[in-house]
Amino acid sequence: PVAVVALLKTAGASPKLTMLIVGESLMNDGTAMVLFTLFFKLLQGQQFTTGKIILFFLAATLGSSLLGVALGIGVIRWLRSAH
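Keep in mind that what you see is a predicted model, and the values were worked out from it rather than measured. (Residues numbered from 1 in each chain as written. Predicted model: local features only at pLDDT ≥ 70, side-chain atom pairs only at ≥ 80, totals over all residues. Heavy atoms only, no water.)

Asker: Before we go on, may I ask you to explain the overall build of the protein in this structure?
Answerer: Within the protein, the regular secondary structure consists of three helices and zero strands. When the helices and strands of the protein are listed from N to C terminus, the series reads α-α-α. In terms of C-alpha radius of gyration, the protein reaches 18 Å, well past the compact-globule figure of 12 Å for 83 residues. Buried positions account for 7% of the 83 residues belonging to the protein. About 6,900 Å² of surface is accessible on the protein, with carbon and sulfur atoms providing 74% of the total. (Helix = DSSP H or I, 4+ residues; strand = E, 2+ residues; numbered from the N terminus. Rg over C-alpha atoms; globule rule 2.2 N^0.38 Å. Buried < 20%, exposed > 50% of the residue type's maximum accessible area, 1.4 Å probe, protein only. Areas by Shrake-Rupley, 256 points an atom, 1.4 Å probe, with all protein chains shown as cover.)

Asker: Is there a simple way to think about the packing of aromatic side chains in this case?
Answerer: Aromatic ring pairs are described here by two measures, namely the spacing of the ring centres and the angle between the planes. A full pass over the atoms with the stated rule returns three aromatic pairs. Feature note: the residues Phe48, Phe56 and Phe57 constitute an aromatic cluster, connected by ring pairs. (Phe/Tyr/Trp six-rings, centres within 6.5 Å; stacked < 30°, edge-to-face > 60°.)

Asker: What is the right way to read helix α1 (residues 2–11) from this model?
Answerer: Spacing of three or four residues puts side chains on the same side of an α-helix, whose turn is 3.6 residues. With respect to burial, α1 is a largely exposed element, only one of its ten residues being buried. A positive phi of about 80° marks glycine 12, the residue just after α1.

Asker: Sorry, what's going on with the packing of α1 against helix α2 (residues 15–43) here?
Answerer: Helix-helix packing is characterised by the crossing angle of the two axes and by the distance between the axes. As a packed pair, α1 and α2 sit with axes 10 Å apart at the nearest point and diverge in direction by 170°. Overall, the two elements α1 and α2 adopt an arrangement that is roughly antiparallel. Residues Val4, Val5 and Leu8 of α1 touch α2, and the partners they reach there are Leu17, Thr18, Ile21 and Val22. Taken together, the residues of the contact of α1 with α2 sort by class into six nonpolar, one polar and no charged. (Axes fitted to C-alpha atoms, helices over the stretch in contact; angles between N-to-C directions. Parallel < 35°, antiparallel > 145°, perpendicular 65-115°, else oblique. Contact = heavy atoms within 4.5 Å. Nonpolar A, V, L, I, M, F, W, Y, C, P; charged D, E, K, R; others polar.)

Limitation: the analysis is restricted to geometry and does not speak to function.
Next up, the structure:
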């Protein structure tokens, strides 16, 4: 999305539109990583039921969200302590 963001900035697009495009790109990347991991595990011979696949997606989604929040809080605290 770097080229797209640069193009939007040059065109004078709103920051909200830019954030939406960046967010959509990150969501696509995350989905691709989860699907790659799932298919890689299937190729290794692991068996998945529909319920296990749903739990896998939920765990990846919630786990990455919680990790992002935790890292964000940590960075905010670190930046506040630096000033």
